[in-house]
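Notes for the structure review
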Amino acid sequence: MFSGSIPALVTPFRDGAFDEAAFRTLVDWQIEQGSSALVPCGTTGEASTLSNAEHHRVIEVCIEQAAGRVPVIAGCGSNDTKNAALHMNFAKKAGAAAGLCVAPYYNRPSQAGLIAHFSYLAENCDLPIVLYNVPSRTVTDIEDETVVALVRAFPEKIIAIKDASGDLSRVADHRMGIGRDFCQLSGNDELWLPHSAAGGRGAISVTANVAPALCAEFHAAIAANELKKARELNDRLFPLHYAMFSDASPAPVKYALSRVQNWTTPEVRLPIVEASEASRKAVDDALEHAGLV
């Protein structure tokens, strides 16, 4: 099952197009630095601005470049259930270990609609599902009772959750409703430490794009119950967690990555624009605090 530091990878662009060479370098660097799995085509990967052809190519390149060294959890979310199934079935054929499926955004489905959406994916796609709850972006919240009902209905298919609700009580709620072995991953870098203490297995992380070795070391300290070391690393990383959201994401993380690696650019796609001057200042200060520049 998944655990550790799992970067939600940026999708590098150059002159408006997917920069495949930079992405391959990013995948290699992440694995070399200790990331335990990779997530292409998530929120940080600007999946909502990728065409289906680009979306599938990014997944394909990630799996090809990882070459079995770490599992790939392919971003497969959509507000169109059948399009999500299209992504899931492609990712399965490409060799993904699981599909990360966000709650449908914009449509604002009811809890019954969420159960129908994820049930359709579980019944029509032969790929394990990692639920992704991020109500600040989707508006719709996958409530605890809905998560429990889905996992009980499809225990072999719905295998984990990335929770970015910001509500740490949900870790215990899921443990009580599903069981202690259910894989829970934090979707909030700044809550990674307390989420782990409550029973989480790791994080699908934005910050790990920029600081993969520190994030991997941080998780290793947590796993070894070395809390003093974990707190020290958390203190180093904490300003960076917030700086990653000092402007519309993923503009800050793409700027940060361009500061620590010369093979990528801060280029984003509309309607996201590059990080503001104030955001760049926050990122620069946080990178210095973390000892990355």
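Okay, so let's go over this structure. (Residues numbered from 1 in each chain as written. Predicted model: local features only at pLDDT ≥ 70, side-chain atom pairs only at ≥ 80, totals over all residues. Heavy atoms only, no water.)

Position of His195 among the secondary structure elements: in helix 8 (residues 192-198). On the basis of relative accessibility, which here comes to 4%, the residue His195 falls in the buried class. With residues near it in sequence (within four places) discarded, His195 still touches Leu168, Val171, Gln184, Leu185, Ser186, Gly200 and Gly202. (Helix = DSSP H or I, 4+ residues; strand = E, 2+ residues; numbered from the N terminus. Buried < 20%, exposed > 50% of the residue type's maximum accessible area, 1.4 Å probe, protein only. Contact = heavy atoms within 4.5 Å.)

Another aspect to go through is empty space enclosed by the protein. The full count for this structure, using the stated rule, is 1 cavity of 30 Å³ or more. Roughly 50 Å³ of internal volume is contained in the largest cavity. In terms of lining, the largest cavity is formed by Asp163, Gly166, Asp167, Leu168, Val171, Ser186, Asn188, Leu191 and His195. Broken down by class, the residue content of the lining of the largest cavity amounts to 3 nonpolar, 4 polar and 2 charged. (1 Å grid on protein atoms, 1.4 Å probe; cavity = no way out; pocket = protein on both sides within 12 Å on 5 of 7 lines; lining within 4 Å. Points joined across faces, edges and corners; volume = space filled by probe spheres on them. Nonpolar A, V, L, I, M, F, W, Y, C, P; charged D, E, K, R; others polar.)

Further remarks concern the layout of surface pockets. Considering only enclosed or pocket space, the largest pocket measures out at about 550 Å³ in volume. For the lining of the largest pocket, the secondary structure elements donating two or more residues are helix 2 (52-66), helix 3 (81-94), strand 5 (98-102) and helix 5 (135-138). Residues that form the lining of the largest pocket fall into these classes: 12 nonpolar, 13 polar and 2 charged. The volume enclosed by the second largest pocket comes to roughly 290 Å³. Along its surface, the second largest pocket is lined by 20 residues, and Val134, Ala164, Gly187, Asn188 and Phe245 are the ones closest to its centre. Those elements that provide at least two residues to the lining of the second largest pocket are helix 5, strand 9 (202-205) and helix 10 (227-243).

This brings us to helix 1 (residues 20-32). A rise of 1.5 Å per residue sets the reference length of helix 1, with its 13 residues, at 18 Å; its end C-alpha atoms lie 18 Å apart and thus fit the reference within 8%. By the burial criterion, the buried members of helix 1 are Ala22, Phe23, Arg24, Leu26, Val27, Trp29, Gln30 and Ile31. Lining the buried residues of helix 1 we find strand 1 (4-7), strand 3 (17-18), helix 2, helix 9 (212-223) and helix 11 (251-260). Following helix 1 by one or two positions, Gly34 has its phi on the positive side, about 110 degrees. (Expected span 1.5 Å × (residues − 1).)

Here we come to the pairing of strand 6 (residues 129-133). Among the 5 residues of strand 6, 5 are classified as buried, and the element is accordingly described as predominantly covered. Sheet topology places strand 5 next to strand 6; 4 bridges connect them, and they run parallel. Paired with Gly99 across the two strands is Ile129, which belongs to strand 6. As for the winding sense of the linkage, the β-α-β connection from strand 5 through helix 4 (residues 111-124) to strand 6 is right-handed. (Pairing = 2+ DSSP bridges. Right-handed = clockwise from strand over helix to strand, strands pointing away.)

Strand order in the open sheet formed by 7 strands is 1-9-8-7-6-5-4, with parallel pairing between adjacent strands. The sheet is open, and its two borders are formed by strand 1 and strand 4 (73-75), each paired with just one other strand. Along the sheet, successive strands turn relative to each other by an average axial angle of 30 degrees, direction set aside. Inspection of the sheet shows strand 7 (residues 158-163) paired to strand 8 (residues 183-186) by 4 bridges, in the parallel sense. From the neighbouring strand, Asp163 faces strand 8, where its bridge partner is Ser186. Helix 9 contacts strand 1 and strand 9 of the sheet and is inclined by roughly 150 degrees relative to strand 1. (Axes fitted to C-alpha atoms, helices over the stretch in contact; angles between N-to-C directions.)

Below, the discussion takes up the pairing of strand 7. In terms of residue burial, strand 7 counts as a mostly covered element, since 6 of its 6 residues are buried. Assessed by its sense of winding, the connection that carries the chain from strand 7 through helix 7 (residues 169-177) to strand 8 is right-handed.

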